[in-house]
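The residues making up each chain are set out below.
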Amino acid sequence: MLMTNFLRERKSIREFKNKKIDVDVLAELKSYLNSIENDDGSGYIRFRLYEYGENLYKELKGIGGYSGVMIESPHYIGLELINNQEDTIIYGAYYMEKIITKLNSLGIDTCWVSIGDADEGQKEKIFGEIIGKINYILAIGYGKPRNPFINESISHRIGVEDLVFVDKIGNSPKADELENRGLDDLFYYIRFAPSAFNNQPWRFLLKKDRVSLLIKYNDKEKPSLMDAGIVMYYFEYLANSIGINSKWELIKDMTVEDENTHYKYIGEFKL
Ligand SMILES: Cc1cc2nc3c(=O)[nH]c(=O)nc-3n(C[C@H](O)[C@H](O)[C@H](O)COP(=O)(O)O)c2cc1C
């Protein structure tokens, strides 16, 4: 499926059938997870497949997920980060989203689940002795059929005019400006990336020959590096599909403030 269709149609699935994924497919998935760890190459990002989801669900019920609403699925993939450096978190999320794209091509549905509220003792009981930390897992399986008579709307998305700044933070693109630069589709579809609490904190600052990714945050929160990594993955994929073969280069320690809103610079992408 074209990435544009995939992005428009993708959604988090929170109700799964009580049906396990075939053992051969799980074996294929395991070797895919290994290949992704090798692609990353840092040694700080690991993906752990939990084939027996029942136990994990039982332990995390009331703790994992938004307000303890744990998602029940036949299997899970844990994102284990061996250190808490920014690039490890960003690329952990980037590669998990690459895995989601693979799962989707196998007809498997997914939902990110936050488990940061579980204490380390509980996590050790669930995951055994691991070297790193697991704050996010992915519920995987086959979604329950959707009711064709109920129009299940997609989660709300911000407009392109709020997503993209031109030359300066706060400057929305002029009519046709993105189209003239061949970037209108890219910025239209990138909005369908998932984000924690559907916060959509990504902003893109477009300059003549490059675009910077900024993450918006306020005094009460930290910039979401997970959401940054996820959107970087899709941006790269969409850009490559229109012939722009760059890769993100991360920017360290740069934040700006504009009218009580903070923006953290995450990376730069040459156009
Ligand atoms: C890092 C991250 C953590 C998330 N954690 C949860 C979660 O704990 N529970 C949940 O139901 N959805 C979770 N989600 C799913 C988001 O709520 C969802 O992607 C967003 O609302 C947009 O909806 P959509 O994925 O259907 O387009 C998470 C998503 C991300 C990216």
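What counts as what
- Residues numbered from 1 in each chain as written.
- Predicted model: local features only at pLDDT ≥ 70, side-chain atom pairs only at ≥ 80, totals over all residues.
- Heavy atoms only, no water.
- Near = heavy atom within 4 Å.
- Polar contact = N/O pair within 3.5 Å; in protein donor to acceptor, adjacent residues only side chain to side chain.
- Areas by Shrake-Rupley, 256 points an atom, 1.4 Å probe, with all protein chains shown as cover.
- Helix = DSSP H or I, 4+ residues; strand = E, 2+ residues; numbered from the N terminus.
- Nonpolar A, V, L, I, M, F, W, Y, C, P; charged D, E, K, R; others polar.
- Domains from an automatic or database assignment.
- Phe/Tyr/Trp six-rings, centres within 6.5 Å; stacked < 30°, edge-to-face > 60°.
- Lys NZ or Arg CZ within 6 Å of the ring centre and 35° of its normal.

The protein chain is annotated in an unreviewed UniProt entry as Nitroreductase of Tissierella pigra.

Trainee: Whenever I open this one, the site of the ligand confuses me. Can you help?
Mentor: Residues in contact with the ligand amount to 20 residues; listed here are only the nearest, R10, S12, R14, Y66 and S114. At 2.8 Å, a side-chain N or O of R157 approaches an oxygen atom of the ligand. Computed on the free molecule, the ligand has an accessible area of 620 Å², of which 96% lies beneath the protein chains in the complex. Mapped by element, the contributors of at least two residues to the shell around the ligand are β3 (109–114) and α9 (225–241). A per-class count over the shell around the ligand returns nine nonpolar, six polar and five charged. Residue-level mapping places the shell around the ligand at the junction of two domains, with at least three residues from each of domain 1 (3–141) and domain 2 (160–270).

Trainee: How should I be thinking about the packing of aromatic side chains in this particular structure?
Mentor: To describe a pair of aromatic rings, you give the distance between the ring centres and the angle between the ring planes. Inspection of the entire model under this criterion finds 19 aromatic pairs. Pairing Y50 with F127 gives two aromatic rings, centres 5.2 Å apart and planes at 55 degrees, and the pair type is tilted. Of this pair, Y50 sits in strand β1 (residues 45–50) while F127 sits in helix α5 (residues 120–127), and the two are 77 residues apart along the sequence. Three or more aromatic residues joined by ring pairs form one cluster here, namely F6, Y91, Y94, Y95, Y233, Y234 and Y237. Here R191 stacks its cationic end above the ring of Y188, 4.5 Å away from the centre of that ring.

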